[in-house]
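If you want the building blocks of each chain, they are given just below.
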Amino acid sequence: MLDNSTKNFIDLVRTRTSCRSYLEKDVPDEAIEQCVEAARLAPSACNKQPCRFIIVKDAELRKRICAEALLPGLPMPWLRQAPVIVALCAEKSVITHTIAPFISGIQYQLIDVGIAGEHFVLQAQELGLGTCWIGWFKAGKARKILTIPGSFQIISLMSLGYPAEEPHFSERLPLEKIMFRDNQMK
Ligand SMILES: Cc1cc2nc3c(=O)[nH]c(=O)nc-3n(C[C@H](O)[C@H](O)[C@H](O)COP(=O)(O)O)c2cc1C
């Protein structure tokens, strides 16, 4: 396992930003495996672990994703530079995840993939790698390009690589806007 941790957790979280410019530098498989290992340890509803990570390094497949699988209106030319695109999928056959939403109204696979995906992101950050979640994509096209079996739902894409830019920090709501006590929510 790689171990070059230099930051405590809150520093790691504070310094993470979405990376939209990448160096032309390969990401070692060992680093990617460590990111997936962090994701593997994430909690999931009923511990069903529906999350799967497709690591796309193949240049032709990445080119096709960029050319064919992004939705219009939000240009992402920078994605062509990213040496790795990750497709985050969820296994559909998990019974708790297909039936439970009818009762609770909550789609647990989205939560599961979100948590696991962010574990991946934070591990990448600790290793000096940049990431960006990509939700504005054509799931059907991405599924075809990557020949993802029908038993998996593709939930998000993510770029991964060594950053070629200084971080741009986006503003966040202040604590008092997002945290409420007891029945005081406004
Ligand atoms: C679920 C999700 C989907 C996103 N989709 C996109 C996307 O399609 N394209 C993009 O450039 N950024 C995308 N982002 C990145 C957000 O724009 C970014 O996280 C947000 O603006 C806050 O900036 P920061 O990540 O630098 O702190 C997405 C983020 C999330 C969590």
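Refer to the preceding data block for the structure.
Note that the structure is a prediction, hence the values are computed from the model and not measured.

Definitions and limits used
Residues numbered from 1 in each chain as written. Predicted model: local features only at pLDDT ≥ 70, side-chain atom pairs only at ≥ 80, totals over all residues. Heavy atoms only, no water. Helix = DSSP H or I, 4+ residues; strand = E, 2+ residues; numbered from the N terminus. Buried < 20%, exposed > 50% of the residue type's maximum accessible area, 1.4 Å probe, protein only. Contact = heavy atoms within 4.5 Å. Phe/Tyr/Trp six-rings, centres within 6.5 Å; stacked < 30°, edge-to-face > 60°. Lys NZ or Arg CZ within 6 Å of the ring centre and 35° of its normal. Near = heavy atom within 4 Å. Polar contact = N/O pair within 3.5 Å; in protein donor to acceptor, adjacent residues only side chain to side chain. Areas by Shrake-Rupley, 256 points an atom, 1.4 Å probe, with all protein chains shown as cover. Nonpolar A, V, L, I, M, F, W, Y, C, P; charged D, E, K, R; others polar. Pairing = 2+ DSSP bridges. Axes fitted to C-alpha atoms, helices over the stretch in contact; angles between N-to-C directions. Salt bridge = Lys/Arg side-chain N within 4 Å of Asp/Glu carboxyl O.

Engineer: Just checking my understanding: could you explain the side chain of Thr 17 for this structure?
Structural biologist: Mapped onto the secondary structure, Thr 17 falls in the loop between helix 1 (9-15) and helix 2 (29-40). Here Thr 17 falls in the buried class, since its relative accessible area comes to 11%. In this view, Thr 17 contacts Thr 131, Pro 167, His 168 and Phe 169; residues no more than four positions away in its chain are not counted.

Engineer: In this structure, what is going on with the packing of aromatic side chains? I would like to understand it.
Structural biologist: Between two aromatic rings, the relevant description is the distance of the centres plus the angle of the planes. A full pass over the atoms with the stated rule returns 1 aromatic pair. Ring plane angle 10° and centroid distance 5.5 Å describe the contact between Phe 53 and Phe 120, whose orientation is recorded as stacked. Here the residue Phe 53 occupies a position in strand 1 (residues 51-56), and Phe 120 occupies one in helix 5 (residues 108-126), the gap between them amounting to 67 residues. With respect to burial, Phe 53 and Phe 120 carry one shared label: buried. Residue placement shows Lys 25 over the ring face of Tyr 162; its charged tip is 4.1 Å from the ring centre.

Engineer: What's the story with the site of the ligand in this structure? I'm lost.
Structural biologist: Around the ligand there are 14 residues in total, and Ser 18, Arg 20, Trp 133, Gly 135 and Arg 172 lie nearest to it. Within the contact set of the ligand, an oxygen atom lies 3.1 Å away from a backbone nitrogen or oxygen of Trp 136. In the complex, the protein chains occlude 65% of the 620 Å² of accessible area that the ligand would expose alone. Of the residues that constitute the shell around the ligand, the class distribution is 7 nonpolar, 4 polar and 3 charged.

Engineer: I keep staring at the sheet that holds strand 2 (residues 84-91) and nothing clicks. Help me out?
Structural biologist: Note on sheets: strands pair through backbone hydrogen bonds, and any given pair is parallel or antiparallel. Ordered in space as 1-2-4-3, the 4 strands form an open sheet in which the pairing is antiparallel. Because the sheet does not close on itself, it has two edges, and the strands there are strand 1 and strand 3 (130-134). When strand polarity is set aside, the average angle formed by the axes of neighbouring strands in this sheet is 25°. Relative to strand 4 (residues 152-161), strand 3 is paired through 5 bridges, and the arrangement is antiparallel. By the bridge assignment for strand 4, Trp 133 is matched with Met 158. Its contacts with the sheet place helix 3 (residues 59-68) against strand 1, strand 2 and strand 4, and it is angled at close to 75° to strand 2. Here helix 5 sits on the sheet in contact with strand 1, strand 2, strand 3 and strand 4, set at roughly 15° to strand 4.

Engineer: Help me out: how do you make sense of the pairing of strand 2 in this one?
Structural biologist: Note on strand geometry: in a regular strand, side chains alternate between the two faces of the sheet. By the criterion of burial, strand 2 is predominantly enclosed, with 7 of the 8 residues buried. As defined by bridge partners, strand 1 adjoins strand 2 across 6 bridges and the pair is classed as antiparallel. Across the sheet, Cys 51 pairs through a bridge with Ala 90, a residue of strand 2. Pairing of strand 2 with strand 4, which is carried by 8 bridges, proceeds in the antiparallel orientation. Note on strand 4: the bridge partner recorded for Val 86 is Met 158.

Engineer: Can you walk me through the pattern of salt bridges in this structure?
Structural biologist: Where charged atoms of side chains with opposite charge meet at close range, the side chains can pair. Scanning the model with the defined rule gives 6 salt bridges in all. Notably, a salt bridge pairs Lys 57 with Asp 26, separated by 3.3 Å at the nearest N-O pair. One end of the pair, Lys 57, is in the loop between strand 1 and helix 3; the other, Asp 26, is in the loop between helix 1 and helix 2, with 31 residues separating them in the sequence. The salt bridge involving Arg 40 is made with Glu 37; its shortest N-O contact spans 2.8 Å. Of the two residues, Arg 40 and Glu 37 are both situated in helix 2; the distance of 3 residues between them amounts to about one turn of the helix. Exposure remark for Arg 40: the relative accessible area of 54% places this residue in the exposed category. Among the residues examined, Glu 37 registers a relative accessible area of 24% and is labelled partly exposed. A cluster of three or more residues bridged by salt bridges with shared partners is formed by Asp 26, Asp 29 and Lys 57.

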